[in-house]
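Observations on the three-dimensional arrangement
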Amino acid sequence: MRTRAELREALAEAPRPLGLVPTMGWLHDGHRSLMQRARADDATTIATIFVNPRQFNEAADFQRYPRNEARDLAICEEEGIDLVFAPGVDEVYPPGFDTVVSVGAVARPLEGAARPGHFDGVATVVAILFDLIGADHAYFGQKDAQQVMVIRQMARDLAIPTEVIACPTVREADGLALSSRNVHLSPAERAAAPVLRRALLAARDRWAEGERSGEALRAAMQAVLGEEPLATPAYVSVADGRTLAELDRVVDGAPALLSLAVRFGSTRLIDNEPIA
Ligand code: AMP
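These remarks concern the structure in this document. Each chain has its residues counted from 1, running along the sequence as written. Owing to the predicted nature of the model, reporting of local features is limited to residues with pLDDT of at least 70; listing and counting of side-chain atom pairs is limited to 80 or more, with chain, interface and lining totals taken over all residues. The side-chain values count all of the structure's non-hydrogen atoms but skip hydrogen atoms and water molecules.

A word on the overall build of the protein chain
When its secondary structure is counted, the protein chain shows 11 helices and 8 strands. Radius of gyration means the value over C-alpha atoms here, while the globule rule gives 2.2 Å times the residue count to the 0.38 power. Rg of the C-alpha trace for the protein chain: 19 Å, near the compact-globule value of 19 Å for 276 residues, within the 12% margin. When each of the 276 residues of the protein chain is scored for burial, the buried share is 53%. Any two residues whose heavy atoms approach within 4.5 Å at even a single point are treated as in contact. Of all intrachain contacts in the protein chain linking residues separated by at least 6 positions in sequence, the fraction that spans at least 24 positions is 73%. Helix numbering and strand numbering both begin at the N terminus, where a helix is a DSSP run of H or I of at least 4 residues and a strand a DSSP run of E of at least 2. Each residue's exposure class comes from its accessible area (1.4 Å probe, protein chains only) as a fraction of the maximum for that residue type: buried when under 20%, exposed when over 50%, partly exposed otherwise.

Re unusual backbone geometry
In this structure, proline 17 follows arginine 16 across a cis peptide bond, with omega equal to 0 degrees. Along the chain, proline 17 turns up in the loop between α1 (4-12) and β1 (18-23). The backbone phi angle of leucine 110 is positive, close to 55 degrees, even though this residue is not glycine. By the element assignment, leucine 110 lies in the loop between α5 (89-92) and α6 (111-114).

Observations regarding helix α7 (residues 118-133)
In a regular helix each residue adds 1.5 Å, so 16 residues correspond to 22 Å; α7 covers 22 Å between its end C-alpha atoms and thus fits that length. Counting buried positions over the 16 residues of α7 gives 13, a clear majority of the element. Taken from the residues just after α7, glycine 134 is the one with a positive phi, measuring 60 degrees. To estimate the expected span of a helix, subtract one from its residue number and multiply by 1.5 Å.

Brief notes about the pattern of salt bridges
The term salt bridge refers to a pairing of a side-chain nitrogen on Lys or Arg with a carboxyl oxygen on Asp or Glu at a separation within 4 Å. For the coordinates displayed, the defined rule picks out 18 salt bridges. Where arginine 32 meets aspartate 29, a salt bridge forms, and the shortest distance between an N and an O atom there is 3.5 Å. Here arginine 32 pairs with aspartate 29, and both are found in helix α2 (residues 29-41), just 3 residues apart, close to one helical turn. With a relative accessible area of 17%, arginine 32 lands in the buried category. A relative accessible area of 46% means that aspartate 29 is categorised as partly exposed. Arginine 37 is paired through a salt bridge with aspartate 41; the nearest N and O atoms lie 3.0 Å apart. You can see arginine 37 and its partner aspartate 41 sitting in helix α2, 4 residues apart, about one turn around the helix. For arginine 37, a relative accessible area of 34% puts it in the partly exposed group. Salt bridges linked by common partners bring Asp29, Arg32, Glu78 and Glu79 together as one network.

Regarding the packing of aromatic side chains
Side-chain rings of Phe, Tyr and Trp (the six-membered ring for Trp) are treated as a pair once their centres are within 6.5 Å; stacked means planes under 30 degrees apart, edge-to-face means over 60, and tilted covers the remaining angles. The tally for this structure, following the rule as stated, stands at 5 aromatic pairs. Relative to phenylalanine 97, the ring of tyrosine 93 has its centre 5.0 Å away and its plane inclined at 70 degrees; by these criteria the two rings are edge-to-face. Given the relative accessible area of 25%, phenylalanine 97 is considered partly exposed. The rings of Phe50, Tyr93 and Phe97 are connected pair by pair, giving a single aromatic cluster.

Looking at helix α8 (residues 145-157)
Along its 13 residues, α8 runs 19 Å from first to last C-alpha, staying within 8% of the 18 Å computed at 1.5 Å per residue. Within α8 the residues assigned to the buried category are Ala145, Gln146, Gln147, Val148, Met149, Val150, Ile151, Met154 and Ala155. Alanine 159, located one to two residues past α8, shows a positive phi value of around 55 degrees.

Notes on the site of the ligand
Residues are labelled near a given molecule or strand when at least one of their non-hydrogen atoms is within 4 Å of it. In the region of the ligand, 17 residues are neighbours, and Met24, His31, Asp144, Val170 and Leu178 sit closest. Residue glycine 141 places a main-chain N or O atom 2.9 Å away from an oxygen atom belonging to the ligand. Between the ligand and valine 170 there is a distance of 2.8 Å, counted from a nitrogen atom to a backbone nitrogen or oxygen. Accessible surface area values rest on a Shrake-Rupley calculation with a 1.4 Å probe, where residue burial reflects the displayed protein chains alone. Alone, the ligand offers 480 Å² of accessible surface; in the complex the protein occludes 93% of this. Those elements giving two or more residues to the shell around the ligand turn out to be β1, α2 and β4 (137-141). When residues of the shell around the ligand are assigned to their parent elements, the largest contribution, 3 residues, is made by α2. Taken together, the residues of the shell around the ligand sort by class into 8 nonpolar, 7 polar and 2 charged. N or O atoms closer than or at 3.5 Å make up a polar contact, with two conditions inside protein: a donor-capable atom paired with an acceptor-capable one, and, for residues adjacent in sequence, both atoms drawn from side chains. Classification convention: Asp, Glu, Lys, Arg as charged; Ala, Val, Leu, Ile, Met, Phe, Trp, Tyr, Cys, Pro as nonpolar; all other residues, Gly among them, as polar.

Here we look at the packing of α1 against α7
Remark: α1 packs on α7, axes separated minimally by 10 Å, with the N-to-C direction vectors making an angle of 45 degrees. Taken together, the axis directions place α1 and α7 in an arrangement best described as oblique. Touching Arg4, Leu7 and Leu11 of α1 are Ile128, Leu132 and Ile133, all from α7. When grouped by side-chain class, the residues that make up the contact of α1 with α7 number 5 nonpolar, no polar and 1 charged. Note on definitions: angles span 0 to 180 degrees between N-to-C directions of axes, and those axes are lines fitted to C-alpha atoms, for helices only across the stretch in contact. Angles below 35 degrees are treated as roughly parallel, those above 145 as roughly antiparallel, those between 65 and 115 as roughly perpendicular, and all remaining angles as oblique.

As structure tokens, this is what we get:
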């Protein structure tokens, strides 16, 4: 479906529960895993493919975001997705659109600090999609852990009944999290990129051995990243798993999130590892 009207008509008859997988296309095995989870849980599944201009804080990043709708539709079909909503920009943001959904504290650190306006764009488009689709469940990847928290907060605060479900990160054999952005990596950068995972696992190992200092765990990540000349770290974080506030000390029994963002040339990658 391309239009809100077509979407409304298709959804009117759809058996419930209805499961939604929102994406920006250039689908990979990470997206497939969300679709498979939706297929397992829901009587009707819908995927959306929309490269949302409002969540790109750099116009160049939006322009070069990879797109291939024919291939994406074939993947949706292979995964048994019932409906695909692939609207144009004006269908999501009709002329005169002038509202921003802006989530508070949980949207501010990490990706929120590094990418001004990013989570406003995410929360706004997901609020619109949730409202238009009225799904029972919506599936998101743990790879974008802060995004899941922002969307949960938005749905709770706006009384949107769609349940937000986080699904495990799908990785390449060498540990690199699948991402549409990986296509931009040069062969040398691609070979270097598993350093994100190695840095996270080094910190997780230190934590498992008893280290509780946030500073020491951040230093463990920086040390591994420092060994990779192609990697330029943007941030490393040891944060409270509920608020994303940076931690001086990890408290046993309370969830914490190890996360990082690293640039390889003009490509910026993120990953994370929950610990508890
Ligand atoms: P995107 O198309 O990048 O906006 O991603 C659409 C959804 O797929 C988001 O919920 C992402 O968190 C999720 N996703 C992206 N990469 C992965 C991955 N490697 N494993 C699991 N989910 C992912």
